[in-house]
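What the coordinates show
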Amino acid sequence: MTALRNREYRHIEVHPIAGSLGAEIEGVDLSQELDDEVLGEIRSALLDNLVIFARDQKLTPDRQLAFAKRWGEIHFHPFMQGMDDYPEILEIKKLPTDKKNFGGSWHSDQQFAPKPAMGTILYAKQVPSAGGDTMFVNQYLAYEALSDTMKNMLSGLKGVNIGDNFKGHDGKSRKEFYADKISMKVKDPGDVQTTSAHPLIRTHPETGRKGLYIGGHTHGIEGMTAEESQPLIDFLMRHSTRPEFTCRFRWQTGSLAFWDNRCTQHYAVNDYPGDTRIMHRITICGDTPY
Ligand code: SIN
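These notes cover the structure that comes with them. Quick caveat: nothing in here was measured; it's all calculated off a predicted structure. Per chain, residues are indexed from 1 in the order of the written sequence. With pLDDT at 70 or above as the cut-off, local features in this predicted model cover only qualifying residues; side-chain atom pairs require 80 or more to be listed or tallied, and sums for whole chains, interfaces and linings still use all residues. With hydrogens and water set aside, each side-chain value is computed from the structure's full complement of heavy atoms.

Moving on: the layout of surface pockets. Only protein atoms enter the 1 Å grid used here. Points where a 1.4 Å probe fits but cannot escape make up a cavity, open sets with protein on both sides within 12 Å along at least five of seven lines make up a pocket, and a residue lines them when an atom lies within 4 Å of a point. Grid points are joined across faces, edges and corners, and a volume is the space filled by probe spheres set on the points. Here the second largest pocket is characterised by a volume of approximately 170 Å³. Lining the second largest pocket are Gln81, Gly82, Met83, Asp84, Leu90, Glu91, Lys93, Ser183, Met184 and Lys185. Throughout this entry, Asp, Glu, Lys and Arg are counted as charged residues, while Ala, Val, Leu, Ile, Met, Phe, Trp, Tyr, Cys and Pro are counted as nonpolar. The remaining residues, Gly among them, count as polar. Along the lines of polarity and charge, the residues of the lining of the second largest pocket split into three nonpolar, three polar and four charged.

This is the structure:
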């Protein structure tokens, strides 16, 4: 099945922002209760473009939550503490004194969960005067660009995705690692499962298209030694983030992005030292990858 990026819409306008993925949608006020037909068009725009953006939205936490709930149940992050009054919403906050940012490497959200997040809805509350963009990659294109031999070799292989990946780096848990680096509250996941093996080639449950399913949480391949798997993971990460598979979004206060984690990776660019960026993020539950 191929994407229809030039589909006709009756209620919204859809303007692709790059050749590979990403589109701005216009003509919709997401703070309002949307009827099923409008929601259906937004779904088509998302499935065809993989990530969609809407500007100048005026969303309270309640209205962002109401919009998110139209897509499914809310996924709670096992490591990051939600807002006091809205535990479903993660406030992604980088203050002038913070050195690190949240999401500053290529990844697909909660890939370490047995049922990773289907989608993420990110709303900009405060953005730096310059910088702080988010980049996205199209994992269908990354898959399609592989040789048939590589596709055959990967089919049937599972990547091992680890949430507390910092342990592998310097012996620290995520909580310890982040303690003096970011202002966001990191929590202990308790008994929530945070390591999961998923197919390296994933079939999208709605479009039926195959895509690479690899990201920053992928630290191994089932049945392989680290010496065997790491060069392959390194290659797949390099390959899947090639510039021609990307788009980049410049945020303004009131912008909203909605991306499909089943066929994309994203990267929050940390290029605004001394400035502030505050975003409200809601993730939507997904299914078991196959
Ligand atoms: C994330 O969800 O990884 C953060 C994205 C961003 O802040 O741009």
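Residues enter a nonpolar core if they are buried and are Ala, Val, Leu, Ile, Met, Phe, Trp, Tyr or Cys, with the set joined through side-chain atoms within 4.5 Å. Three labels apply to residues, based on accessible area from a 1.4 Å probe with only protein chains included: buried if under 20% of the type maximum, exposed if over 50%, partly exposed otherwise in between. Ile12, Ile25, Leu30, Ile42, Phe67 and Phe258 are the most contacted members of the largest nonpolar core, which has 30 residues in total. Numbered from the N terminus, helices here are DSSP runs of H or I no shorter than four residues, and strands are runs of E no shorter than two. Secondary-structure elements contributing two or more residues to this core are β2 (23-26), α1 (36-49), β3 (51-54), α2 (61-69), β6 (119-126), β14 (256-260) and β16 (277-284). When residues in this core are grouped by element, the largest group, five residues, is from α1. Formed by 27 residues, the second largest nonpolar core is a distinct cluster that contains Val51, Tyr140, Met184 and Ala257.

Our next topic: the environment of Val28. Positionally, Val28 belongs in the loop between β2 and α1. Considering only alpha carbons, one finds Val28 and His11, 17 residues apart in sequence, at a separation of 7.9 Å. Contacts are residue-level and defined by heavy atoms, with any inter-residue pair within 4.5 Å sufficient. If sequence neighbours within four positions are ignored, Val28 has contacts with Ile12, Leu34, Val38, Ile42 and Gln57.

The nearness test applies per residue and asks whether one of its heavy atoms lies within 4 Å of the molecule or strand. In the neighbourhood of the ligand, the contacting residues comprise Ile92, Phe102, Gly103, His107, Asp109, Leu122, Thr134, Trp259, His266, Ala268, Arg277 and Arg281. Any pair of nitrogen or oxygen atoms within 3.5 Å is treated as a polar contact; in protein, a donor-acceptor pairing is required on top of that, and neighbouring residues in sequence qualify only through side-chain atoms on both sides. His266 places a polar side-chain atom, nitrogen or oxygen, 3.0 Å from an oxygen atom of the ligand. Within the side chain of Arg277, one N or O atom sits 2.8 Å away from an oxygen atom of the ligand. Each accessible area value is a Shrake-Rupley result obtained with a 1.4 Å probe; residue values ignore everything except the protein chains displayed when judging cover. With the chains in place, 100% of the 260 Å² that the ligand exposes on its own is no longer accessible. Elements with a contribution of two residues or more to the shell around the ligand: β15 (264-268) and β16. Looking at the shell around the ligand residue by residue, the classes come out as five nonpolar, four polar and three charged.

A few words on the environment of Glu24. Its place among the elements puts Glu24 in strand β2. For Glu24, the residues in contact, after removing those within four places along its chain, are Glu13, Val14, His15, Ile17, Phe53, Arg55 and Phe249. Separated by 3.2 Å, the side chains of Glu24 and Arg55 make a polar contact.

Positive phi, normally seen in glycine, also occurs at Leu50, with a value near 75 degrees. One can find Leu50 in the loop between α1 and β3. Even without a glycine there, the phi angle at Asp56 is positive, about 55 degrees. Counting through the fold element by element, Asp56 comes out in the loop between β3 and α2.

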